[in-house]
Amino acid sequence: MTEYLIRRILQSILVLFLISLVTFGLIHAAPGGPTQMMISPGMSPAAAKVQMHNLGLDKSIPEQYWIWIKNLLTGDLGKTFKNNIPVGDILWPTMKNTFVLMSFSWVISMIIAIPWGIYNSTKPYGISDQTANFVSYVGFAMPAFWFGIILQQVFSLELNWLPLSDMYAMDKQGNFIDLLYHLILPCTVLILANLAAYSKYSRSSMLEVLEQDYIRTARAKGVPERKVIFRHALRNALIPIITVLGMELPTLVVGATLTESVFNWPGMGRLFVDMARAREYSVLMAIALVTAVVVVLGNLIADILYKLVDPRVQLGRKGGKSA
Amino acid sequence: MAEKLLEVRNLTTGFLTDKGFVKATDRISVSIEKGKTLCLVGESGSGKSVTSLSIMRLIDYAGGVILEGNINFKGQDLAAKKQEELKEIRGNKISMIFQDPMSALNPVFTVGDQIAESLSLHQNKNKDEAWKEAVELLRMVGIPSPEIRAKQYPNQLSGGMCQRVVIAIALAAKPELLIADEPTTALDVTVQAQILELLQDLKEKLGTSILLITHDMGVAAEMADHIAVMYAGAIVEQGTVEEIFSNPSHPYTVGLLQSIPGFEGERGGELYTIKGTIPALGNLPQGCRFNPRCPHVMDKCRQVEPGDIKIGSEHFTKCWLYEDKEKAAAALGKGESNHG
C-alpha cells in the first residue's frame, strides 16, 4: 500500500509537470496579452518596452516558464500584473467560496440521489422511478443559466423570498444564516443537475447487481430482502458509483462556471473567466495547477475506495483492477 | 411407500409477456421421498430450472408467477405463502445450489462470512460460534486447510472449491431438502465426479433428500432414485431409475438415452441426435408437445395431448403409443412389454 502510494505520487508529479507545461504554452499562445490593457496607444515604444521588461514578458516563453516553475517550487505562485497582488491572496478565499457552494450541493445531492436510486432499483418503473426519470430529463435538459435565471425571476424578483445573487448581503458579511439564504437558489440549480446523474447511476448499478447469481444465492439462503439490498447488493453496486463521485470530486474546488456567473458567486468558475479575459497568466496557471491536483487526487481517492469496497481490487499490481 | 417430503401438484409457472402469460412449466407433478434423490432431466429450455426456482419461490424475483398448483412441503403449501414467510424455509428447511459456482458467491465477502451468515440467520449462533462452524462445514465438504480458506474471497478459490463452498452454505442449516440445479455443469469433468460423490456422501450421512436437476442422463443414472424427464415445460415420463433405464418408454426419453455418446452404438460411429429443436414456450404444437420431433408420430398425437399413462408401479409416460401396448412394442422394437 505504501509503496503503491509513493509510486502514485511520483507519477502524479510527472503528470502535473506535463500539464503545467502544456497549459503554460497554451495560455501564451492565445492572442492578446496582459499588456493590451496596460500600454496605452499614446505610450512611446521605449516606455512600452520598459513596461514589458518590468513584467518579465520580454523574455522567451521557455525562460518565462523556467522562472514560473522555479518560483512555484519555493511556494511562490506569482503576482497579478494588475495591482501586483500575490496570487494566493486571490486564489484561496475564492476557492473557499466555491467549496462552500459545491460541497453543500454535492452532499445534499448524494443524500437524496443515492438512496432514491437504490429504492427505485427495487421497484423499477414504479411511480417513484418514473418521477426520477422525469426529474432527470428536466435536470439534464435545462441549462444552468436558464434555470438559474428563472429561479431568480420567480423567487427573488416576483416573490421576494430569496436573495437575487452574491454570497452575503452587503451589511451581513460572514453571517452564516445569511449565507444559507444565499445558497438556496444556486444549490437548487446544481442539485437538480447532479440528482439526475447520481440517482440514475445508483439505480442502474443496483439493478445490474440485483440480477447477479450471488443475490439469488443470498435469497436462497433465507436472507431477508432488506439485508439482500443493503448488505449483499449495495457494496457491489457502490463500485461504479465511486467512479462517478471520484470524477465529480474536482468540481468541489473548481466550481461551476455558469451557476457562479448567474448568481454572482465569488468562486473559482467566475474567477477563471475574469482572469482569462484579463490575461492574468499567473492566476490562470495557478487555477490550472490546482485543478490538475484535485483531479489527480480525486482519482487516487477513488482507487483507494475501490480497494476498501472490493477485495478483488489489487492496488498497484499490473492489470490488478478487475471489474 | 416411504414418507413424502415434497409433493408438487400441477405446478404451472408463467412469465408475463406482451402476448399474455407464457407457461414455462405446465402442470408439473412430482414428489420426493425422505432421503431419496429425484432427478429432473431434460434439455436446456425444458423448464427444469423454472421448476426448481418455483419450489423455492425465487421465481418471483425472476419475473415468474405461479399460476396454478401447489407445492406441499411437510404439510405447508409453499405456493400460497408470502415472501416474508418463506425466509424460515429457505436456506433452513430447503436449500439450493446453483449451476455456476463462480458467480453464485458474493465477491465482496469472505467465504467463511457467507457460510456463517446462514448459520446466524437460522440457528441463532453468535459470530464466533458461526465462524467456527463455518470452518467445520468447509472441512466437511472437503476443503483442505479450511481455517485459511474461510478467510479468503471467492475469487481466490477454484470453481470446484467454490461449488464446495456453495454446498457448505446450503447444508449449513441442515436442510431436509437440497435442490441442486445443474451443480456440475460449469465444472471440469474430474471435479464433476468429486462433487457428485460429495453430494452422495452427504445425502447418506445427513439423510437429506435431493432434487437434482441435470441434462446429463449419465449423472442421473449415478445419482437418482427416481427420474422425471421434462420436455418443453411438461414431465413426459417419470419412474424409478430402474424403470427409466431398463424400460424407457417415451420416445423423447429413448432419444435422450441414445444421445449419450458410447451408450449405444459403436466407437467412431455418428453420434445420435434428436432431430429438430425444442419448441418456443409461447408456441407449442397442438397435441403432444413432442410430436414434431417424434419418430413414431401418429395422427392422434397431432390433435390431442396425451395424459399420464401408467405403465409400471411408479412408471408414467405421456405418450399415445402406450394406449395400446402391442403397438408400442412393435414401434419401439422392444418385444413384449413385461410391465403393467
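Residues numbered from 1 in each chain as written. Chains lettered and ligands numbered in written order. Predicted model: local features only at pLDDT ≥ 70, side-chain atom pairs only at ≥ 80, totals over all residues. Heavy atoms only, no water.

## Concerning the environment of A:Val87
Residues and elements named next belong to chain A.
Alright, step 1. Along the chain, Val-87 falls in helix α5 (residues 87–122).
Alright, step 2. Each C-alpha atom of the pair Val-87 and Thr-257 lies 20 Å from the other, and the pair is 170 residues apart in sequence.
Alright, step 3. In contact with Val-87, not counting residues within four places along its chain, are Leu-77, Gly-78, Lys-79, Ser-282, Val-283 and Ala-286. (Helix = DSSP H or I, 4+ residues; strand = E, 2+ residues; numbered from the N terminus. Contact = heavy atoms within 4.5 Å.)

## Examining unusual backbone geometry
Residues and elements named next belong to chain A.
Alright, step 1. Positive phi, close to 55 degrees, is recorded for Asn-84, a residue that is not glycine.
Alright, step 2. Its location among the elements puts Asn-84 in the loop between α4 (61–73) and α5.
Alright, step 3. The residue Asn-160 is not glycine, and still its phi comes out positive at about 60 degrees.

## Things to note about the environment of A:Ser136
Residue and element names in this part refer to chain A.
Alright, step 1. Relative to the assigned elements, Ser-136 resides in helix α6 (residues 127–141).
Alright, step 2. Assessed through its relative accessible area of 2%, Ser-136 is described here as buried.
Alright, step 3. Linking Ser-136 and Leu-192, residues 56 residues apart in sequence, is a C-alpha distance of 7.8 Å.
Alright, step 4. A polar atom in the side chain of Ser-136 sits 2.7 Å from the backbone oxygen of Ala-132. (Buried < 20%, exposed > 50% of the residue type's maximum accessible area, 1.4 Å probe, protein only. Polar contact = N/O pair within 3.5 Å; in protein donor to acceptor, adjacent residues only side chain to side chain.)

## Comments concerning the interface of chain B and chain A
Alright, step 1. Listed per partner, the contact involves 26 residues of chain B and 19 residues of chain A.
Alright, step 2. Taking both partners together, chain B and chain A bury about 2,200 Å²; carbon and sulfur atoms supply 60% of that area.
Alright, step 3. Contact with chain A buries area across many residues of chain B, yet B:Val108, B:Phe109 and B:Glu117 alone supply 26% of it, more than any other trio.
Alright, step 4. Here B:Glu117 and A:Arg231 are joined by a salt bridge, their closest N and O atoms 3.2 Å apart.
Alright, step 5. In this structure, the connection of chain B to chain A is made through twelve residue pairs in polar contact (both at pLDDT 80 or more). (Buried area = accessible area lost by both parts, 1.4 Å probe. Salt bridge = Lys/Arg side-chain N within 4 Å of Asp/Glu carboxyl O.)

## Considerations on the pairing of strand β8 (residues 209–214) of chain B
Residue and element names in this part refer to chain B.
Alright, step 1. Counting buried positions over the six residues of β8 gives six, a clear majority of the element.
Alright, step 2. Here β8 shows no split at all, with Ser-209, Leu-211 and Ile-213 on one side and Ile-210, Leu-212 and Thr-214 on the other all buried.
Alright, step 3. Pairing analysis gives five bridges linking strand β3 (residues 37–41) to β8, with the strands arranged parallel. If you follow Val-41 over to β8, its bridge partner there is Thr-214.
Alright, step 4. As paired elements, strand β7 (residues 177–181) and β8 share five bridges and run parallel to each other. (Pairing = 2+ DSSP bridges.)

## Let's talk about the sheet that holds β8(B)
Alright, step 1. Strand order in this open sheet of eight strands is β6-β7-β8-β3-β9-β10-β12-β11 (chain B), and the pairing throughout is mixed. Since the sheet does not close on itself, it has two edges, and those belong to β6 (94–97) and β11 (309–310) of chain B, each with one partner.

## As for the packing of aromatic side chains
Residue and element names in this part refer to chain A.
Alright, step 1. Under the definition given, this model contains eight aromatic pairs over all chains.
Alright, step 2. Through a chain of ring-to-ring contacts, three or more aromatic side chains come together here, namely Phe-17, Phe-24, Tyr-65 and Trp-68.
Alright, step 3. A cation sits over an aromatic face here: Arg-203 above Tyr-125, 5.5 Å from the ring centre. (Phe/Tyr/Trp six-rings, centres within 6.5 Å; stacked < 30°, edge-to-face > 60°. Lys NZ or Arg CZ within 6 Å of the ring centre and 35° of its normal.)

## A closer look at the confidence of the model for chain A
Residue and element names in this part refer to chain A.
Alright, step 1. Chain-level statistics for chain A give a pLDDT mean of 86 and a share of 95% at 70 or above.
Alright, step 2. Model confidence for chain A, summarised as mean pLDDT per element, is weakest for helix α2 (residues 35–38) at 67 and strongest for helix α9 (residues 213–220) at 94.
Alright, step 3. In the predicted structure, residues 318–323 sits below a pLDDT of 50 and forms nine contacts with residues beyond four places in sequence or in another chain. (pLDDT = per-residue confidence, 0-100.)

## Topic: a negative patch on the surface
Residues and elements named next belong to chain B.
Alright, step 1. A cluster of acidic residues, Glu-197, Asp-201, Glu-204 and Glu-222, forms a negative patch at the surface.
Alright, step 2. Top contributing element to the negative patch by residue count: helix α8 (residues 189–206), with three residues.
Alright, step 3. Within the secondary structure layout, Glu-197 lies in helix α8. (Patch = residues over 30% accessible without salt bridge, like charges linked within 9 Å, V, L, I, M, F, W, Y side chains within 5 Å. Areas by Shrake-Rupley, 256 points an atom, 1.4 Å probe, with all protein chains shown as cover. Lys, Arg positive; Asp, Glu negative; His and termini not counted. Charge placed at Lys NZ, Arg CZ, Asp CG, Glu CD.)

## Considering the pattern of salt bridges
Any two side chains of opposite charge can pair if their charged atoms end up close together.
Residue and element names in this part refer to chain B.
Alright, step 1. Evaluation of the coordinates by the stated rule reveals 25 salt bridges over all chains.
Alright, step 2. A salt bridge links Arg-302 to Asp-299; the shortest N-O distance between them is 3.7 Å.
Alright, step 3. In this structure Arg-302 comes out as partly exposed when scored by relative accessible area, which is 42%.
Alright, step 4. Under the relative-accessibility criterion, Asp-299 is labelled exposed at 56%.
Alright, step 5. Sharing partners across several salt bridges, the network here consists of Asp-26, Arg-27, Arg-289 and Glu-305.

## Some details on a nonpolar patch on the surface
Residues and elements named next belong to chain A.
Alright, step 1. A cluster of nonpolar residues, Phe-145, Trp-146, Ile-149, Ile-150, Val-154, Leu-159, Trp-161 and Leu-258, forms a patch on the protein surface that exposes about 770 Å² of accessible area.
Alright, step 2. Inspection of the secondary structure puts Ile-149 in helix α7 (residues 144–158).
Alright, step 3. Looking at Ile-149, the relative accessible area reads 44%, which means it is partly exposed.

## Observations concerning the sheet that holds strand β5 (residues 76–77) of chain B
Residues and elements named next belong to chain B.
Alright, step 1. What the four strands build is an open sheet, ordered β2-β1-β4-β5; its pairing is antiparallel. Two strands in the sheet have a free side with no partner beyond their single neighbour: β2 (20–33) and β5.
Alright, step 2. Bridging between strand β1 (residues 4–17) and β2 involves ten bridges; their strand directions are antiparallel. Paired with Gly-14 across the bridge in β2 is Lys-23.
Alright, step 3. Set on the sheet, helix α1 (residues 48–56) makes contact with β1, β2 and β4 (64–73); between it and β1 the angle comes to about 110 degrees. (Axes fitted to C-alpha atoms, helices over the stretch in contact; angles between N-to-C directions.)

## Overview of the side chain of B:Asn92
Residues and elements named next belong to chain B.
Alright, step 1. Looking at the secondary structure, you find Asn-92 in the loop between α2 (83–86) and β6.
Alright, step 2. When its relative accessible area of 16% is taken as the criterion, Asn-92 is described as buried.
Alright, step 3. The contacts of Asn-92, once residues within four sequence positions are left out, are His-122, Ala-173, Lys-174 and Pro-175.

## Some thoughts on the packing of α5(A) against helix α8 (residues 176–210) of chain A
Residue and element names in this part refer to chain A.
Alright, step 1. Between α5 and α8, whose axes approach to 6 Å, the crossing angle comes to 35 degrees. Where α5 crosses over α8, the two elements pack in a sense that is right-handed.
Alright, step 2. Across the contact of α5 with α8, the residue classes break down as 24 nonpolar, eight polar and one charged. (Left-handed = near helix turned anticlockwise from the far one by under 90°. Nonpolar A, V, L, I, M, F, W, Y, C, P; charged D, E, K, R; others polar.)

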